Amino acid sequence: MTETDHALLPLDAVRPAAQKAKGSVVPAPEAPVARVAVDNPLPHLDRPFDYLVPAPLHDSARPGVRVRVRFAGKLVDGFLLERTEESEHRGKLAAIERVVSAEPVLTAEVAALARAVADRYAGTLADVLRLAVPPRHAKVEAEPQRADGTDGSPEPGDGQAWADYPMGPSFLDALEHGRAPRAVWSALPGAAGWAEAIGEAVRATLAGGRGALVVVPDGKDVALADEVFERLLGDGAHVALTAGLGPAERYRRWLRVLRGQARAVVGTRAAMFAPVADLGFVALWDDGDDLHAERLAPYPHAREVLALRAHRGGAAMLIGGYARTAEATQLIATGWARPIVAARETVRAKAPRVRPAGEDAELAKDQAARAARLPSVAWRALREGLESGPVLVQVPRRGYLPSIACRQCRRPARCALPPTRTAPDHDNKIDDDAVPGKVACHGPLALRSGHSAPYCRWCGRVDAAWRCEHCGGAGVRAVVVGARRTAEELGRAFPSVPVKTSGRDGVLARVGSGRALVVATPGAEPVSDGGYSAAVLLDGWALLGRADLRAAEEGVRRWMNAAALLRPGAELVVLADLALPAVQALLRWDPVTHAERELADRAELGFPPAVRMATLTGTAAAVRQMLDEVRLPDEAQVLGPVQVDDERERAMIRVPRASGGVLAAALKGATGVRAARKAADVVRVSVDPLDLI
């Protein structure tokens, strides 16, 4: 037997030999062969391996349990997938060393889903299982089981949250009667309306005797949905899963789902693999948020995983959001899903009043307005809004001054310090251990506050003595203004009004209904009790001017998510050109037409989701070598390679949607060949990535 080929003699020969040989393993009396998914990331070994089940482990070695096996001469972890009477391999089988836990943590449905996701994204089963099954916590497994949430089903609700949508009541009726409708939902503005509507859908699903799974972008959304679900479903009927719970509590809640103690789950992207029994409904809120894209290999997107899960398990699916993505529009165009939208009269009644203001609009004569960089229309909107409640200011950049330039020649300010041998300390002091003879870092400089010295966003060190290398000037000016600087300017403009910030350094979940200026970055806008009385969306060019395929779609999504927090009819000022299609979509509150145009443009240009695309990123030699070796489909087109940075190149490969599986298999095979020969340079393979530029 080789180290990686766990071959086997015929079982009728193994049993007598095992019984006669001294110290040999006696196999289990029934189904003595276990197929094990070994925790091994190598793509050329991405397959189950057969092991012998010793007789003492016959009862505990059940499908789904964690096991320890010897692989390539080392003890490694694995999951027992199934047990059979015979093995296809010849030779002697290695035996399972031990069963780590008798808890069957990997269900057959999740195991099959993980295999499908790995194939979809040219990844390995081991990588997907690391995302799907949380690490074991032995103390939690030994705790007494709770019995709440297991008996009975909630009664169907009145469906009031869906009353404004002509197709809403029939959607709820289908869920209650166990059918599997699939829909893309354009939600009406309203801070908590989406959570109420999804909660009603979950309640209808549970009333029909099936389980439900809801995935939202971040912890703020989980907290809002958790509060609504608790009220609609009752105590113990659902669990909330987020990374912020800590390993013990997260595993405790995950086990409740696995054991059937909770039939509904709401969580962030990791919850897309939650082992919900008899899954009948999956929902994804705000599918355009980049938080739904996994950062670990093989980089799956929650929308694709849930769609696969719904398709394989015959479950209903709902993709909802205030805006609409091109991917969701593609599902409607192919007939896989149906749209759920409100009548135009209802939309106009609930949407805010949008007023565009160009970047060169006349500033108000008031000195405070000039200091706050606000056009007159935005200044008036904030001043009048503060008379009746809180107002929201969305700033697309975090920090204070994330980009600065020389005050004299206007050239971008760059780091003039040489690289260091080690990373700078936590105080960002200049490291005396600079590498001699090296060129300057040349990273972009920024400011953390109005009294700080410039620091480099690449190496992190402070350059207190910075001077422009072109003109010698020592003064700096702002190129991009961040949320903290904006809050400081607004505080001076409105000295009697409290200013609250919400962003990366601290996200506010809620604010009260009193007078306040709330400055937030996109996605971090807190919910206001009763809604905001006005809002200003600053620096629209920063969103729409990005070199990104999804810039316009993302701009509409971020604007609508903020606008949905306003009271019906409240004034919303957006600092962007009225002629832009994205601004027109916000003005008319018509994300559907904008998404359909986006999809048509991408189909014409040959970009996802009209086609399937993969990127190869690595050193120039590694990328070019992999392109020479991979067996691409005949219809594949290779774009590039092009330079990404000083050390890496990237190539893009696109094929028709029907050939996506063939492309993924070809890339998986080429990656396996490189791994088998132990190629030094790694090539990152990403299928349908979000960051196409």
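In this text the structure is predicted, and so the values were computed from the model without any measurement.

Colleague: Help me out: how do you make sense of the overall build of the chain in this one?
Modeller: A tally of helices and strands in the chain yields 20 helices and 28 strands. In the chain, which comprises 693 residues, the proportion classed as buried is 53%. Contacts in the chain between residues at least 24 apart in sequence constitute 73% of all its contacts with a sequence separation of at least 6. Summed over all atoms, the accessible surface of the chain reaches about 30,600 Å², with 51% contributed by carbon and sulfur.

Colleague: Teacher, can you tell me more about helix α8 (residues 247–258) here?
Modeller: Owing to its 3.6 residues per turn, the α-helix aligns residues three or four sequence positions apart on the same side. Its 12 residues give α8 an end-to-end C-alpha distance of 16 Å, which sits within 8% of 16 Å, the value for a rise of 1.5 Å per residue. Among the residues of α8, those classed as buried are R250, Y251, W254, L255, R256, V257 and L258. Of the surrounding elements, those touching the buried residues of α8 are β3 (66–71), α3 (125–132), α4 (138–141), β8 (238–241) and β9 (264–267). G260 sits one or two positions beyond α8 and adopts a positive phi of about 80°.

Colleague: Hey, could you run me through the environment of G157 in this one?
Modeller: Within the secondary structure layout, G157 lies in the loop between α4 and α5 (168–176). The exposure class assigned to G157 is partly exposed, which follows from its relative accessible area of 34%. Residues G157 and A204, spaced 47 residues apart in sequence, show a C-alpha to C-alpha distance of 7.2 Å.

Colleague: In this structure, what is going on with the confidence of the model for the chain? I would like to understand it.
Modeller: Do not read the predicted coordinates in detail wherever pLDDT is low. In the predicted model, the chain carries a mean pLDDT of 86, and 86% of its residues have values of at least 70. Predicted confidence for residues 1–23 stays below pLDDT 50, and this span has 54 contacts to residues more than four positions away or in other chains. Of the regions scoring below 50 in pLDDT, residues 359–369 engages in 24 contacts with residues more than four places distant in sequence or in other chains.

Colleague: I keep staring at the sheet that holds strand β7 (residues 211–215) and nothing clicks. Help me out?
Modeller: Strand pairing in a sheet relies on backbone hydrogen bonds, with the paired strands running either antiparallel or parallel. Strands sit in the order β8-β9-β7-β10-β11-β6-β12 across an open sheet of 7 strands; the sheet is parallel. For this open sheet the edge positions go to β8 and β12 (338–340), each flanked by a neighbour on one side alone. Taking the axes of each pair of neighbouring strands and ignoring which way they run, one obtains an average angle of 15° across the sheet. As defined by bridge partners, β8 adjoins β9 across 4 bridges and the pair is classed as parallel. Considered in β9, the bridge of V239 is made with V265.

Colleague: Help me understand the pairing of strand β21 (residues 517–520) in this model?
Modeller: Each regular strand displays side chains that alternate between the two surfaces of the sheet. Side chains of β21 alternate between two faces, with L517 and V519 and V518 and A520 buried alike. In the sheet, strand β19 (residues 499–502) pairs with β21 via 4 bridges, with the strands oriented parallel. Across the sheet, T501 pairs through a bridge with V519, a residue of β21.

Colleague: Mind showing me how you'd approach the environment of A248 here?
Modeller: Topologically, A248 is positioned in helix α8. As for A248 and H137, which are separated by 111 residues in sequence, their C-alpha atoms are 6.3 Å apart. Discounting residues that sit within four places of it in the chain, A248 has contacts with H137 and V140.

Colleague: Please explain the nonpolar core as it appears in this structure.
Modeller: One recurring pattern in soluble globular proteins is that nonpolar side chains are buried together. Counting residues in each nonpolar core, the largest one holds 70 residues, and the members touching the most others are L213, V265, F273, L616 and L667. By residue number, the principal contributor to this core is helix α2 (residues 108–120), which donates 6 residues. With near-sequence residues (within four places) excluded, L213 lies in contact with V265, A271, M272, A274, V276, L279, F281, V282, A283, L306 and R309. Counting residues in each nonpolar core, the second largest holds 69 residues, with L175, A535, L565 and L572 among its members.

Colleague: I tried to follow the packing of α5 against helix α6 (residues 193–207) on my own but got confused; where do I start?
Modeller: What describes two packed helices is the angle between their axes and the distance between those same axes. At their nearest, the axes of α5 and α6 sit 7 Å apart, and the two run at 30° to each other. Within the contact between the two elements, α5 uses F171, L172, L175 and E176 and α6 uses E200, A201, A204 and T205. Broken down by class, the residue content of the contact of α5 with α6 amounts to 5 nonpolar, 1 polar and 2 charged.

Colleague: Got a minute to help me understand the packing of aromatic side chains in this structure?
Modeller: Working definition: an aromatic ring pair is given by the centre-to-centre distance plus the angle between the planes. The final tally for this structure, using the stated rule, is 11 aromatic pairs. Judged by centre distance (5.0 Å) and plane angle (70°), the ring pair of F49 and F71 falls under edge-to-face. Of this pair, F49 sits in strand β2 (residues 49–52) while F71 sits in strand β3, placing them 22 residues apart in sequence. Both residues of the pair, F49 and F71, belong to the buried class. Ring geometry for W162 versus W185: centroids 4.9 Å apart, planes at 40°, classification tilted. One end of the pair, W162, is in the loop between α4 and α5; the other, W185, is in strand β6 (residues 182–186), and 23 residues separate them in sequence. For the pair W162 and W185, one class covers both residues: buried. Three or more aromatic residues link up through ring pairs in this structure, and these residues are W162, Y165, F171, W185, W194, F281, W285 and Y322. Lying across the ring of W336, R182 places its NZ or CZ 4.3 Å from the centre.

Colleague: Any chance you could explain the pattern of salt bridges here in plain terms?
Modeller: Side chains bearing opposite charge may pair, as long as their charged atoms lie close to each other. Scanning the entire structure with this criterion turns up 39 salt bridges. E554 is the salt-bridge partner of R558, the closest N and O atoms lying 2.8 Å from each other. Highlighted residues: R558 and E554, both in helix α16 (residues 551–563), separated by 4 residues, approximately one helical turn. The buried category is assigned to E554, whose relative accessible area is 11%. When salt bridges that share partners are traced, they join R120, D287, R303, E304, R612 and D688 into one network.

Colleague: Just checking my understanding: could you explain the sheet that holds strand β25 (residues 611–618) for this structure?
Modeller: Spatially, the 4 strands line up as an open sheet ordered β26-β27-β25-β28, and their pairing is antiparallel. Looking at strand neighbours, the two that pair on one side only are β26 (637–643) and β28 (684–687), the edges of this open sheet. Averaged over all pairs of adjacent strands, the angle between their axes in this sheet comes to 15°, without regard to strand direction. Where β25 lies against β28, 4 bridges are found, and the strand directions are antiparallel. Looking across to β28, one finds that L616 is bridged to V685.

Colleague: Explain unusual backbone geometry to me, please; I cannot follow it from the model alone.
Modeller: Note: most peptide bonds trans; most residues except glycine with negative phi. A cis amide bond, omega 5°, links A297 with the succeeding residue P298. Secondary-structure assignment places P298 in the loop between β10 (279–285) and α9 (302–313). The step from G640 to P641 runs through a cis peptide bond, and the omega angle for that step is 5°. The residue P641 is located in strand β26 in this model. You will see that A31, though not glycine, has its phi angle at about 45°, which is positive. Inspection of the secondary structure puts A31 in the loop between α1 (11–20) and β1 (33–38).

Colleague: When you look at the side chain of T124 in this model, what are you seeing that I'm missing?
Modeller: Inspection of the secondary structure puts T124 in the loop between α2 and α3. Side-chain polar atoms of T124 contact the side chain of D127, separated by 3.1 Å. If we ignore the near neighbours within four places in the chain, the residues touching T124 are P41, L42, P43, D46, A118 and K668.

Colleague: Can you walk me through the side chain of S502 in this structure?
Modeller: When you line up the elements, S502 lands in strand β19. A distance of 2.5 Å separates the side chain of S502 from the backbone oxygen of A524, its partner in a polar contact. Setting aside residues no more than four positions away along its own chain, S502 makes contact with V507, L508, V519, A520, T521, A524 and P526.

The rules we used
Residues numbered from 1 in each chain as written. Predicted model: local features only at pLDDT ≥ 70, side-chain atom pairs only at ≥ 80, totals over all residues. Heavy atoms only, no water. Helix = DSSP H or I, 4+ residues; strand = E, 2+ residues; numbered from the N terminus. Buried < 20%, exposed > 50% of the residue type's maximum accessible area, 1.4 Å probe, protein only. Contact = heavy atoms within 4.5 Å. Areas by Shrake-Rupley, 256 points an atom, 1.4 Å probe, with all protein chains shown as cover. Expected span 1.5 Å × (residues − 1). pLDDT = per-residue confidence, 0-100. Pairing = 2+ DSSP bridges. Axes fitted to C-alpha atoms, helices over the stretch in contact; angles between N-to-C directions. Core = buried A, V, L, I, M, F, W, Y, C linked by side-chain atoms within 4.5 Å. Nonpolar A, V, L, I, M, F, W, Y, C, P; charged D, E, K, R; others polar. Phe/Tyr/Trp six-rings, centres within 6.5 Å; stacked < 30°, edge-to-face > 60°. Lys NZ or Arg CZ within 6 Å of the ring centre and 35° of its normal. Salt bridge = Lys/Arg side-chain N within 4 Å of Asp/Glu carboxyl O. Polar contact = N/O pair within 3.5 Å; in protein donor to acceptor, adjacent residues only side chain to side chain.

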